[in-house]
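What follows is the residue order along each chain.
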Amino acid sequence: NAGVTQTPKFRVLKTGQSMTLLCAQDMNHEYMYWYRQDPGMGLRLIHYSVGEGTTAKGEVPDGYNVSRLKKQNFLLGLESAAPSQTSVYFCASSYSRAFDNEQFFGPGTRLTVL
Amino acid sequence: QQQVKQSPQSLIVQKGGISIINCAYENTAFDYFPWYQQFPGKGPALLIAIRPDVSEKKEGRFTISFNKSAKQFSLHIMDSQPGDSATYFCAVTDSWGKFQFGAGTQVVVTP
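Cut-offs applied
- Residues numbered from 1 in each chain as written.
- Chains lettered and ligands numbered in written order.
- Predicted model: local features only at pLDDT ≥ 70, side-chain atom pairs only at ≥ 80, totals over all residues.
- Heavy atoms only, no water.
- Buried < 20%, exposed > 50% of the residue type's maximum accessible area, 1.4 Å probe, protein only.
- Helix = DSSP H or I, 4+ residues; strand = E, 2+ residues; numbered from the N terminus.
- Pairing = 2+ DSSP bridges.
- Contact = heavy atoms within 4.5 Å.
- Buried area = accessible area lost by both parts, 1.4 Å probe.
- Salt bridge = Lys/Arg side-chain N within 4 Å of Asp/Glu carboxyl O.
- Polar contact = N/O pair within 3.5 Å; in protein donor to acceptor, adjacent residues only side chain to side chain.
- Nonpolar A, V, L, I, M, F, W, Y, C, P; charged D, E, K, R; others polar.
- Disulfide = S-S within 2.5 Å.

Peer 1: Give a description of the pairing of strand β1 (residues 4–7) of chain A that names residues and reports values.
Peer 2: Two faces, one strand: in a regular strand the side chains alternate between the faces of the sheet. Residue and element names in this part refer to chain A. Only one face of β1 is buried: it carries V4 and Q6, and the other face, with T5 and T7, is open. Where β1 meets strand β3 (residues 19–25), four bridges bridge the pair, whose relative direction is antiparallel. Residue Q6 lies in a different strand from β3, and its bridge partner there is C23.

If you want it as structure tokens, here you go:
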């Protein structure tokens with residue numbers, strides 16, 4: 001099993017450009033999450049999904065959109081990138097939303113917006 | 001609003017020493033208190049977790065101590081090894097399964 005994979009691993013964008021980050025999991029998990037990680041800020045939840053076809057806003061959703069057309073994939077889009085979106089983005093998935101569920105993380109995507 | 005405060009930001013410990021990381025939370029509605037470990041260039045991975053009805057949990061060299069009345073919990077790494085050098089995140093989880101992470105602690109274990 002590959003677990004959680006993310007594409008691409010690195011990306012450099014210019015201000016105003018758009019891009020989509022792809023997350024895929026092969027564990028048949030219902031729940032998927034997108035986080036951003038910034039120095040001194042920990043991991044902050046951007047958007048999450050509780051199942052195929054559903055999405056919801058997290059703590060820092062502005063400037064991002066998501067889609068979950070297939071259970072195994074969760075896409076994060078930046079329509080008009082800004083330097084403030086320079087960050088490392090992590091996708092995670094979990095089997096359930098039970099309070100003691102473990103979240104499995106992907107390896108991350110390092111995004112730089114110039 | 002940061003609902004979990006983690007300290008210290010970084011620490012250096014000699015091989016064989018004890019590393020202690022502390023977290024404090026504000027909301028008493030949290031149900032689960034995991035610690036995640038992250039190596040450079042990798043995603044975080046669950047290390048150990050505790051429920052609020054338990055005051056201590058030990059797994060190998062890693063121990064969580066939980067003080068419900070003080071709304072604090074801590075991670076102790078005994079006999080620290082160079083392979084423990086990583087960033088550690090505490091987290092709190094509510095009944096809906098949503099996580100809030102601390103800011104992280106970078107631990108460096110010197111030989």
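Next comes the rest of the account.
Peer 1: Explain the interface of chain B and chain A to me, using residue names and the numbers behind them.
Peer 2: Taken residue by residue, the interface counts 21 residues in chain B and 20 residues in chain A. Summed over both sides, the interface of chain B with chain A buries roughly 1,800 Å², with 56% coming from carbon and sulfur. Applying the counting rule to chain B against chain A returns zero salt bridges. At the boundary of chain B and chain A, one finds two residue pairs in polar contact (both at pLDDT 80 or more). Looking at side-chain class alone, the side of chain B that touches chain A contains nine nonpolar, seven polar and five charged residues.

Peer 1: Which residues make up unusual backbone geometry, and what values do they have?
Peer 2: The step from T7 of chain A to P8 of chain A runs through a cis peptide bond, and the omega angle for that step is -5°. Tracing the backbone through its elements, the reader meets P8 of chain A in the loop between β1 and β2 (10–13). In this structure, P8 of chain B follows S7 of chain B across a cis peptide bond, with omega equal to -5°. Note on placement: P8 of chain B falls in the loop between β1 (4–7) and β2 (10–14).

Peer 1: Let's hear about the state of the cysteines: which residues, and what values?
Peer 2: Residues and elements named next belong to chain A. In total, this model carries two disulfides over all chains according to the counting rule given. Across a sulfur-sulfur distance of 1.9 Å, C23 and C91 are joined as a disulfide pair. Judged by the sign of its S-S torsion, about -75°, the cystine formed by C23 and C91 is left-handed. One end of the pair, C23, is in strand β3; the other, C91, is in strand β9 (residues 87–94), with 68 residues separating them in the sequence. There is no split in this pair, since C23 and C91 are both buried.

Nothing here speaks to function; it is geometry throughout.
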